[in-house]
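# Structure assessment
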Amino acid sequence: MMDIKREWGSASARRTGADGLKTFLRKIAASYPDRGAVAFVCIGTDRSAGDSYGPWVGSLLEERGWPHVTGTLARPLDAERLAAGSVPLPAGAVVVAVDACLGRPESVGKYIVSEGPIEPGRGIGLKLPPLGDYGIAGVVNARGAKPHWSIQSASLYRVVRMAVETADAIEAAWMGGTRSARDGRELRLTIRNEPDGT
């Protein structure tokens with residue numbers, strides 16, 4: 001979970017809604033049209049409603065056949081894995097980092113997009129390495145005095161809706177269209193029996 005309090009420290013970071021997210025992703029797809037040359041690093045955990053945004057996006061992308069996805073509900077890319085430097089990335093791939101963040105009340109349900117890396121864990125005081133050539137942060141809840149509580153108490157309904165919206169926008173950008181990549185299909189997520197690593 002990251003914090004946008006200091007606007008990522010990037011001059012290109014900006015708040016946007018679903019349409020702006022689609023435009024941002026179409027620009028990336030125009031520069032890198034080969035799906036195999038793009039890696040998605042989806043940061044977060046399955047143990048917190050708000051911080052599950054990244055793993056939800058990762059799981060949806062994996063389900064749709066994206067070849068390079070790190071961070072899913074089955075194998076989250078959480079602070080522990082990030083601190084250990086456990087982020088496998090294909091050589092030469094452009095990296096799109098996806099994470100949850102807290103923001104102003106009027107920003108909840110929107111996205112912060114940026115050219116340049118994001119700083120995961122910054123919103124809760126962690127010092128983790130910056131990630132990504134591009135970044136997408138879903139504003140899952142309002143920033144409060146207790147960031148851990150704010151991220152945990154985010155609406156799971158909103159988080160899942162935002163994750164589906166993000167995965168649809170990614171899929172549509174590389175399909176070259178503006179319609180939903182799901183074409184009316186229902187949300188489907190395959191749960192595999194995998195060890196949870198605990």
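Throughout what follows, the structure given in this document is the object of discussion. (Residues numbered from 1 in each chain as written. Predicted model: local features only at pLDDT ≥ 70, side-chain atom pairs only at ≥ 80, totals over all residues. Heavy atoms only, no water.)

Per the secondary structure count, the protein chain includes five helices and seven strands. For the protein chain, the proportion of its 198 residues judged to be buried stands at 49%. Sequence separation of 24 or more characterises 76% of the internal contacts of the protein chain that already satisfy a separation of 6 or more. Summing over all exposed atoms, the protein chain offers an accessible surface of approximately 9,500 Å²; the carbon and sulfur share of this is 50%. (Helix = DSSP H or I, 4+ residues; strand = E, 2+ residues; numbered from the N terminus. Buried < 20%, exposed > 50% of the residue type's maximum accessible area, 1.4 Å probe, protein only. Contact = heavy atoms within 4.5 Å. Areas by Shrake-Rupley, 256 points an atom, 1.4 Å probe, with all protein chains shown as cover.)

Per the counting criterion, the structure on display carries five aromatic pairs. On the basis of an interplanar angle of 80° and a centroid distance of 6.2 Å, the ring pair of Phe 40 and Trp 174 is categorised as edge-to-face. Here Trp 174 lies in helix α5 (residues 156-175) and Phe 40 lies in strand β3 (residues 38-42), a separation of 134 residues in the sequence. With a relative accessible area of 0%, Phe 40 lands in the buried category. Residue classification places Trp 174 among the buried residues on the basis of a relative accessible area of 12%. Members of the aromatic cluster, each reached through a chain of ring pairs, are Phe 24, Tyr 32 and Tyr 134. Of note, Arg 35 hangs over the ring of Trp 66, and the distance from its end group to the ring centre comes to 3.9 Å. (Phe/Tyr/Trp six-rings, centres within 6.5 Å; stacked < 30°, edge-to-face > 60°. Lys NZ or Arg CZ within 6 Å of the ring centre and 35° of its normal.)

With respect to burial, strand β6 (residues 111-115) is a largely interior element, four of its five residues being buried. Sheet topology places strand β2 (residues 14-16) next to β6; three bridges connect them, and they run antiparallel. When the sheet's bridge partners are listed, Thr 16 is paired in β6 with Tyr 111. In the sheet, β6 pairs with strand β7 (residues 134-142) via five bridges, with the strands oriented antiparallel. In the strand pairing of β7, Ile 112 is matched with Ala 137. (Pairing = 2+ DSSP bridges.)

Turning next to the packing of helix α1 (residues 18-31) against α5. Two elements in contact, α1 and α5, have axes separated by 8 Å at closest approach and are oriented at 40°. Between α1 and α5, the crossing angle belongs to the class labelled oblique. As α1 runs across α5, the sense of the crossing is right-handed. Of α5, the residues touching α1 (which contributes Ala 18, Leu 21, Lys 22, Leu 25, Arg 26, Ile 28 and Ala 29) are Glu 165, Thr 166, Ala 169, Ile 170, Ala 173 and Trp 174. Each residue belonging to the contact of α1 with α5 can be placed in one class, and the counts come to nine nonpolar, one polar and three charged. (Axes fitted to C-alpha atoms, helices over the stretch in contact; angles between N-to-C directions. Parallel < 35°, antiparallel > 145°, perpendicular 65-115°, else oblique. Left-handed = near helix turned anticlockwise from the far one by under 90°. Nonpolar A, V, L, I, M, F, W, Y, C, P; charged D, E, K, R; others polar.)

Time to look at the pattern of salt bridges. Applying the stated criterion to the full structure yields five salt bridges. The residue Arg 35 makes a salt bridge to Glu 171 at a minimum N-O spacing of 3.4 Å. Taken together, the residues span a long stretch of sequence, with Arg 35 in the loop between α1 and β3 and Glu 171 in helix α5 at a distance of 136 residues. A relative accessible area of 10% places Glu 171 in the buried class. Note that Arg 64 is salt-bridged to Asp 168, the shortest N-O span being 2.9 Å. One end of the pair, Arg 64, is in the loop between α2 (53-63) and β4 (69-70); the other, Asp 168, is in helix α5, and 104 residues separate them in sequence. There is no split in this pair, since Arg 64 and Asp 168 are both buried. (Salt bridge = Lys/Arg side-chain N within 4 Å of Asp/Glu carboxyl O.)

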